[in-house]
Amino acid sequence: MLKITNLHASIEGNEILNGINLEVKPGEVHAIMGPNGSGKSTLASVLAGREEYEVTDGEVTYNGKDLLELAPEERAREGVFLAFQYPVEIPGVSTTNFLKTALNQVREHKGQEPLDAVSFLTMMKEKMKLVEIDQSLLSRSLNEGFSGGEKKRNEIFQMAMLEPTLSILDETDSGLDIDALRIVANGVNKLKTKDNATIVVTHYQRLLDYIVPDYVHVLYKGKIVKSGTKELALELEKKGYDWIKEEVDTTTA
Amino acid sequence: MSEVIKDAIEQEFTTNFEALEKRLNGASALPIHQVRKKAINAFQELGLPTARNEEYKYTDLKKALQKTFDFKAPSPQGKINRETIEECLIPGLDANILIFINGVFSNELSTIISPEDQLTIKDLEAATMEDKELIDNYFAQYANYEHDAFIALNTAFTEHGSFIHIPDNKLVEKPIALYFFNDAQAGKSYNQPRNLFIVGKSSQATFLEVFYTVGKHESFTNIVSEIVVNENANAEYYKIQNNRDTAFHVGTTQVWQARNSQFSAYTFTLNGAMIRNNLNIASDGEGCESHMYGLYLLHGKTHVDNHTEIDHIKPNSFSNELYKGIMEDQSHGVFNGKVYVRQAAQKTNAFQSNKNILLSDQATINSKPQLEIWADDVKCSHGCTTGQLDEEALFYLQSRGVSKERARVLLLYAFAVEVLENVKLEPLKAYLEDLISERLHKDF
Ligand SMILES: Nc1ncnc2c1ncn2[C@@H]1O[C@H](COP(=O)(O)OP(=O)(O)OP(=O)(O)O)[C@@H](O)[C@H]1O
Ligand SMILES: [Mg+2]
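Residues numbered from 1 in each chain as written. Chains lettered and ligands numbered in written order. Predicted model: local features only at pLDDT ≥ 70, side-chain atom pairs only at ≥ 80, totals over all residues. Heavy atoms only, no water.

The name given to chain B in an unreviewed UniProt entry is Iron-sulfur cluster assembly protein SufD, with the source organism recorded as Fulvivirga imtechensis AK7. The annotation that UniProt attaches to chain B under Sequence similarities (unreviewed entry) is "Belongs to the iron-sulfur cluster assembly SufBD family." (UniProt positions renumbered as here; feature names shortened; annotations may be inferred.)

**Q** Where do I start with the UniProt feature "domain: SUF system FeS cluster assembly SufBD core" (unreviewed entry) in chain B in this structure?
**A** Mapped onto the present numbering, the UniProt feature "domain: SUF system FeS cluster assembly SufBD core" (unreviewed entry) falls at residues 187-415 of chain B. Secondary structure within residues 187-415 of chain B divides into 9% helix and 61% strand; the distance between the first and last C-alpha atoms comes to 39 Å. (Helix = DSSP H or I, 4+ residues; strand = E, 2+ residues; numbered from the N terminus.)

**Q** Help me out: how do you make sense of the coordination of the magnesium ion (ligand 2) in this one?
**A** For a metal with four tetrahedral donors the ideal donor-metal-donor angle is 109.5 degrees, while six octahedral donors give ideal angles of 90 or 180 degrees. All names here are of chain A. Within the protein, the magnesium ion (ligand 2) binds to Ser-41 (OG) and Gln-85 (OE1); these donor distances fall in the range 1.9 to 2.1 Å. Residue Ser-41 is located in helix H1 (residues 40-48), and its partner Gln-85 is located in the loop between strand S6 (80-83) and strand S7 (90-94); the two are separated by 44 residues in the primary sequence. Of the residues examined, Gln-85 reaches a relative accessible area of 15% and is grouped as buried. (Donors = N, O, S within 2.8 Å, 3.2 Å for Na, K, Ca; no water. Buried < 20%, exposed > 50% of the residue type's maximum accessible area, 1.4 Å probe, protein only.)

**Q** I tried to follow the interface of chain A and chain B on my own but got confused; where do I start?
**A** The extent of an interface is frequently quoted as the accessible surface area lost upon association of the parts. At the interface, 33 residues of chain A touch 19 residues of chain B. In this assembly, chain A packs against chain B so that about 2,000 Å² is buried in total across both faces, 63% of it on carbon and sulfur atoms. Inspection of the region where chain A meets chain B yields one salt bridge. The closest approach of N and O atoms between Glu-155 of chain A and Arg-400 of chain B, which form a salt bridge, is 2.7 Å. Our count for the contact surface shared by chain A and chain B stands at nine residue pairs in polar contact (both at pLDDT 80 or more). Counting only elements with at least two residues in the side of chain A that touches chain B, the list comes to H1, helix H2 (72-77), S6, S7, helix H3 (95-109) and helix H6 (148-162) of chain A. In terms of residues, the side of chain A that touches chain B owes the most to one element, H3 of chain A, which gives six residues. Here the side of chain A that touches chain B is built from residues that sort into 18 nonpolar, nine polar and six charged. (Contact = heavy atoms within 4.5 Å. Buried area = accessible area lost by both parts, 1.4 Å probe. Salt bridge = Lys/Arg side-chain N within 4 Å of Asp/Glu carboxyl O. Polar contact = N/O pair within 3.5 Å; in protein donor to acceptor, adjacent residues only side chain to side chain. Nonpolar A, V, L, I, M, F, W, Y, C, P; charged D, E, K, R; others polar.)

**Q** Where do I start with the environment of Leu-412 of chain B in this structure?
**A** Residue and element names in this part refer to chain B. Tracing the chain through its elements places Leu-412 in helix H9 (residues 404-420). For Leu-412, a relative accessible area of 1% translates into the label buried. When the C-alpha atoms of Leu-412 and Asn-16 are compared, they prove to be 46 Å apart, with 396 residues separating the residues in sequence. Not counting chain neighbours up to four residues away, the residues in contact with Leu-412 comprise Ile-326, Ile-357, Leu-359, Leu-389 and Leu-440.

**Q** Whenever I open this one, the site of ligand 1 confuses me. Can you help?
**A** All names here are of chain A. Around ligand 1 sit 15 residues, and of these Gly-37, Lys-40, Ser-41, Thr-42 and His-203 come closest. A distance of 3.0 Å separates an oxygen atom of ligand 1 from a polar side-chain atom of Gln-85. Measuring from an oxygen atom of ligand 1, one finds a side-chain N or O atom of Glu-171 at 3.3 Å. When the free accessible area of ligand 1 is taken as 640 Å², the share hidden by the protein chains comes to 65%. Of all elements in the fold, only strand S2 (14-24) and H1 reach the threshold of two or more residues within the shell around ligand 1. Counting residues per element, the shell around ligand 1 draws most heavily on H1, which supplies three residues. Class assignment of the residues belonging to the shell around ligand 1 gives a composition of three nonpolar, nine polar and three charged. (Near = heavy atom within 4 Å. Areas by Shrake-Rupley, 256 points an atom, 1.4 Å probe, with all protein chains shown as cover.)

**Q** Mind showing me how you'd approach a negative patch on the surface here?
**A** Residues and elements named next belong to chain A. Together, Glu-15, Asp-57, Glu-59, Asp-66 and Glu-69 make up a negatively charged patch on the protein surface. Within the element layout of this structure, Asp-66 appears in strand S5 (residues 65-66). Among the residues examined, Asp-66 registers a relative accessible area of 38% and is labelled partly exposed. (Patch = residues over 30% accessible without salt bridge, like charges linked within 9 Å, V, L, I, M, F, W, Y side chains within 5 Å. Lys, Arg positive; Asp, Glu negative; His and termini not counted. Charge placed at Lys NZ, Arg CZ, Asp CG, Glu CD.)

**Q** What should I look at first to understand the environment of Leu-236 of chain A in this one?
**A** All names here are of chain A. Assignment of secondary structure puts Leu-236 in helix H9 (residues 230-239). The buried category is assigned to Leu-236, whose relative accessible area is 5%. Counting along the chain gives twelve residues from Leu-236 to Val-248, while the straight-line C-alpha distance between them is 15 Å. Apart from residues no more than four positions distant in its own chain, Leu-236 is found in contact with Met-33, Val-218, Tyr-241, Trp-243 and Ile-244.

**Q** Would you explain unusual backbone geometry in this entry?
**A** With the exception of glycine, most residues fall at negative phi, and the peptide bonds are largely trans. Phi angles above zero are rare outside glycine, and Asn-6 of chain A is one such case at about 50 degrees. Within the fold, Asn-6 of chain A resides in strand S1 (residues 2-11). On the basis of relative accessible area, Asn-6 of chain A is assigned to the partly exposed category, the value being 32%. For Asn-169 of chain B, which is not glycine, the phi torsion reads 55 degrees and is therefore positive. One can find Asn-169 of chain B in the loop between strand S4 (161-166) and strand S5 (176-183). On the basis of relative accessible area, Asn-169 of chain B is assigned to the exposed category, the value being 59%.

And the structure:
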């Protein structure tokens, strides 16, 4: 589904991604971990199409297409979804307000009929239950005055509405209390099928107890320096990153 | 008459004034004519402002007017047919409709629907003869012709316009909509209408001023509206400017508020050549509440200068100001917001905010908040932002599948809505929503 080969990306002349290789197949869950500043969010942004980042080398193919050629909205319509680490506040635009436009543009792209107001509302209600989010939150200005947990839940709500093929969750668990974490994780699990895939960026094993990964990767200095199975996450939780950093820094030194 | 006559343009107005005096004939014996004379003297002292005048720094009206108009002869009367007028009315707005053609009130084209005991509406000229006491008490008592050349000019040439008097304890349900049409079909037109609105004690009324030009030639309006909001009264005032590219406009709205009164002004500017709006409010009693909302969506070469002033004279009053602008193409916006809190005006709450979005490299905004506070126990704040469209917000919406163009429109519309949502007249709100949507190419 997704194949990243030797991906290099930089911002304002600073190289942040340094040759990333990663393959994700339908039905899989990949966890990406790594110390602060290692480039996890950058990778997520590049995949979503943020223009500030300049791809200097490498390729990304997604369902046979050159992902890097597509505009951000085209990627979304093709089924790529990013749950942002820090979702932006948009005064005057509510979730309900833009999501109908978004959903119908996605549907149009897929050759489907636009949803009328009633079907849209029905769908909203159903997905709201999934992430236990309140209607009133969705009618408010997007993320303005939302708590950390509300922002994250709103991201997953949007994911539920858009039914993506490839979801990238950037620290969706950070700052959530245990109940909210369970709700969010349950939501993600319920949306899982054999045809879609998930990349979860996280610092904590706690999330991976709920969303069990098939693979765990460690990103450090813009490179995947170690990959393994869910046991690697447990090891990282116990030992931290220092041993990996040492390994990497001595071999490159 | 003063010796200080500046350039040809000031001379033209002087000659014009002499013609007016002749035309007035017997009416020049009225006390109002003494005011006219003082005003023309003041005008001659002041001269039209140039960019060297701090208050007109970014809006060189003298230059623009000199280049475009010839004020030697009085502007023609004008004639616009009923159909054209009806096309311009705000749809669905059930209102008293006052039509002015080239500044002159047309009885024939106007429709007053409010009962007579609620209000008096007449041409200002008629009021100068029939309502002498009110005219003497209120006319030119607020708009200071000693300090501003355009107010001086308007006062000197006061003839037509409207006189609207609402006695005490009247709730005027139907808005009073004044439509000012410039007939520029046969040639350039200019005029200087004058309004006096008096809202009695504990009364309530809504006023609208809408400006249009018919015909392809340039037009110039220099309007002054004095609004007296007596004790415990409530007045709403809307100004709608979606005029032709050839329309020059200077307008002063001079408001005086007595204790416990409420006043709200809403200024929407979408098009014109060069526009200067002065909104001056004297909050002259305890417990006053004043709101100033403004939205300017500019494109092409439109130049719009909004100068506002709220003068807190007495304690325990509140004012709130929100002006927002979106500038495209080579348009130019100017905002100057003066907030005065005098020493006696303790416990004043005054808030001001001006936000701007520039959509092109060639668009300009000059924003200047100006707070002068002499009282010590007050709550005042102001904020002013100027920027491009929020790239992060754009990306966020795109990442959900929304096209860039649509995302842009969503964000701009959301920006404008913060002002628009305060409009209380539903048909007017719908009308403005349509205009704004059209401007932003919002097609959903
Ligand atoms: N606009 C920018 N200009 C310069 N450097 C940037 C910019 N944006 C990000 N960086 C740098 O890129 C590096 C990677 O940042 P990124 O946000 O991808 O890290 P991360 O792995 O997601 O970290 P965290 O765990 O804290 O979320 C950091 O060193 C960051 O400072
Ligand atoms: Mg990050």
